[in-house]
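Observations on the model geometry
Next come the chains, spelled out residue by residue.
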Amino acid sequence: MLARALIERKRDGGRISPAEWRTLMSQYATDEVPDYQMAALAMAIYFNGLDRDEIGALTDAMLHSGAMLDLDHLVMARVDKHSTGGVGDKVSLVLAPLIACLGVAVPMMSGRGLGHTGGTLDKLESIPGFRTDLSLARATEQLERIGCALIGQTREIAPADRRLYALRDATATVESIPLISASIMSKKLAEGLTGLVLDVKRGSGAFLPELDRGLALARTMIELGADHGCPVVALMTAMDRPLGRACGNALEVEESIMALRGEGPPDLMKVTYALGAEMLVLAGVASNRDDAFRRMEVAISSGRAAAKFQEIIAAQGGDPNVIDDPSILPQAAECELYLAPRDGVVAQVEPKTIGRGITAMGGQRTKVEDGIDPSVGFVITARTGDIVRAGEPLATVFARDRAGVDAGLATLREAITIADDAEPPLPLVSHRVTEAGVELYDASW
């Protein structure tokens, strides 16, 4: 009866009290409230929103629906990074070992693909044997021992959010600032962090394409962090084209390994370093961004960052030899080049189309229970603004069969636009948001 009353109230623009949120989310976590009622409430929230206090109450209700990591005994700072989702966004795979090897504990809890975006867990699980389903006890032990754990949301942590996360994808209620904020922050606050850096995507491939909505999301999560004593910094980054060249689970792992060896695409490295600098400054390991930048460069050039990733892989049951031999990763049965159909300038590489194409090829889920083929995807060498000639290779399709190749080529024909000229793309990192406000990002370093 409570759920029905709250659905009616939110449908009509009313408020839900903190006590009601606690009861509702506790009942949802234990199956006393069915998915169909929560779906109705999510849609009412999508249309009518939640005020600042309601968002805080929902976050707390989901946070306290389960257990939390207790890491107060660690002497090192505990800092994580979260991305709002993109295509080709494998930053977490590079950033976690990079920051961990510099003396910061990184308890990184990630998710699976949502909508057209890829998921960090799916990428990691393309490494043979890699386990992301660690218990809190094992994750804590691993953080104590090697300073990093790359895990999924266990049944212990924010179980109400775990159910609602999947439901939002199935009910077209993903693009809601209150629901995004509460979902992200309930999980991140459960990690026992001393700081958090957010990568808030903007552009056509983001869940919230508009700059003003992305800034509103960043401010909301920064406020939630402040309420819980966790400093949060957000960077606004571009998702009007895929990040890096590889799009698809195993392909992105391979590109991440190359990045940790110092051979990553420039755009991927720029975003990684920008976010990493904020993490190191929040942790007190670096005095400023320039100092942080130098530390990260040395960690990669010396091999320490790649070695830390190898250590993490071994600790979580994966084959550590993948660092030296990426061919261990799942390999596509078919591949084919995509050639430029005409002379001109690359005017657009549409990330949302690319993400949906990977799904059509079997590389992402359409339902929670779906299996995926980690080998499929694209490597796209064409960049917005490139001058190309007809017949020049722009990308490669990796597929499991001929039908997948055909689907991939069709995706690329739709996603890559060749024109006579092109508008400049969004800046890779455009704004920095803190409790103090919003500033343009200084990309001079």
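Here, every reference points to the structure presented above.
Heads up: these notes are all about the structure in this document. This one's a predicted model, so the numbers in the text were calculated from it and none came from an experiment.

Secondary structure summary: the protein contains 16 helices and 14 strands in total. In terms of overall size, the protein behaves like a compact globule, its C-alpha atoms giving a radius of gyration of 21 Å where 445 residues would be expected to give roughly 22 Å. Expressed along its principal axes, the backbone C-alpha trace of the protein runs to roughly 65 × 45 × 40 Å. Across the 445 residues of the protein, 57% fall into the buried class. Of the roughly 17000 Å² that the protein leaves accessible, carbon and sulfur atoms contribute 50%. Once the 45 positive and 61 negative side-chain charges of the protein are each reduced to a mean point, those two points are 1 Å apart.

Taken in spatial order, the 4 strands of this open sheet run β6-β9-β11-β7, and their pairing is antiparallel. The open sheet has two edge strands, β6 (246-247) and β7 (334-339), and neither has a second partner. Relative to strand β11 (residues 393-399), β7 runs antiparallel, the two being bridged by 6 bridges. Each bridged residue has a counterpart across the sheet, and for Cys335 the counterpart in β11 is Phe398.

Turning next to the side chain of His82. Turning to its location among the elements, His82 is positioned in strand β1 (residues 79-83). The exposure class of His82 is buried, given its relative accessible area of 16%. Discounting chain neighbours no more than four positions away, the residues touching His82 are Ile184, Lys188, Leu196, Val197, Leu198 and Asp199.

Take the packing of aromatic side chains next. Per the stated rule, a full pass over the model turns up 2 aromatic pairs. Aromatic pair Tyr46 and Phe47: ring centres 5.3 Å apart, planes at 90°, arrangement edge-to-face. Among the residues examined, Tyr46 registers a relative accessible area of 33% and is labelled partly exposed. A residue is classified by how much of its surface remains accessible, and Phe47, at 62% relative accessible area, is exposed. Relative to Phe293, the ring of Tyr273 lies with its centre 5.1 Å away and its plane at 70°, an arrangement referred to as edge-to-face. Note that Tyr273 is positioned in helix α12 (residues 266-283) and Phe293 in helix α13 (residues 289-301), a separation of 20 residues in sequence. Using a relative accessible area of 11% as the deciding quantity, one classes Tyr273 as buried. A cation sits over an aromatic face here: Arg163 above Tyr28, 4.1 Å from the ring centre.

Below, the discussion takes up helix α11 (residues 249-260). When the terminal C-alpha atoms of α11 are compared, their 17 Å separation across 12 residues agrees well with the 16 Å that a helix rising 1.5 Å per residue should span. Counting buried positions over the 12 residues of α11 gives 10, a clear majority of the element. Taken as a whole, α11 has its buried residues at Asn249, Ala250, Leu251, Glu252, Val253, Glu255, Ser256, Ile257, Ala259 and Leu260. Immediately beyond the C-terminal end of α11, within one or two residues, lies Gly262, with a positive phi of roughly 90°.

Taking 1.5 Å per residue as the helical rise, helix α16 (residues 402-415) with its 14 residues ought to reach 20 Å, and the 20 Å between its terminal C-alpha atoms agrees with that figure. Within the span of α16, buried status applies to Gly404, Val405, Gly408, Leu409, Thr411, Leu412 and Ala415. What you see down the axis of α16 is that its buried residues fit within an arc of 155°, all on one side. Projecting away from the buried face of α16 at angles above 90 degrees are the exposed residues Ala403, Arg413 and Glu414. Lining the buried residues of α16 we find β7, β8 (344-349), α15 (351-360), β9 (377-380), β11 and β12 (416-419). Where α16 starts, the residue carrying a side-chain oxygen 3.3 Å from the main-chain nitrogen of Ala403 turns out to be Asp401.

Rules behind the numbers
- Residues numbered from 1 in each chain as written.
- Predicted model: local features only at pLDDT ≥ 70, side-chain atom pairs only at ≥ 80, totals over all residues.
- Heavy atoms only, no water.
- Helix = DSSP H or I, 4+ residues; strand = E, 2+ residues; numbered from the N terminus.
- Rg over C-alpha atoms; globule rule 2.2 N^0.38 Å.
- Buried < 20%, exposed > 50% of the residue type's maximum accessible area, 1.4 Å probe, protein only.
- Areas by Shrake-Rupley, 256 points an atom, 1.4 Å probe, with all protein chains shown as cover.
- Lys, Arg positive; Asp, Glu negative; His and termini not counted.
- Charge placed at Lys NZ, Arg CZ, Asp CG, Glu CD.
- Pairing = 2+ DSSP bridges.
- Contact = heavy atoms within 4.5 Å.
- Phe/Tyr/Trp six-rings, centres within 6.5 Å; stacked < 30°, edge-to-face > 60°.
- Lys NZ or Arg CZ within 6 Å of the ring centre and 35° of its normal.
- Expected span 1.5 Å × (residues − 1).
- Arc of directions from axis to C-beta.
- Polar contact = N/O pair within 3.5 Å; in protein donor to acceptor, adjacent residues only side chain to side chain.

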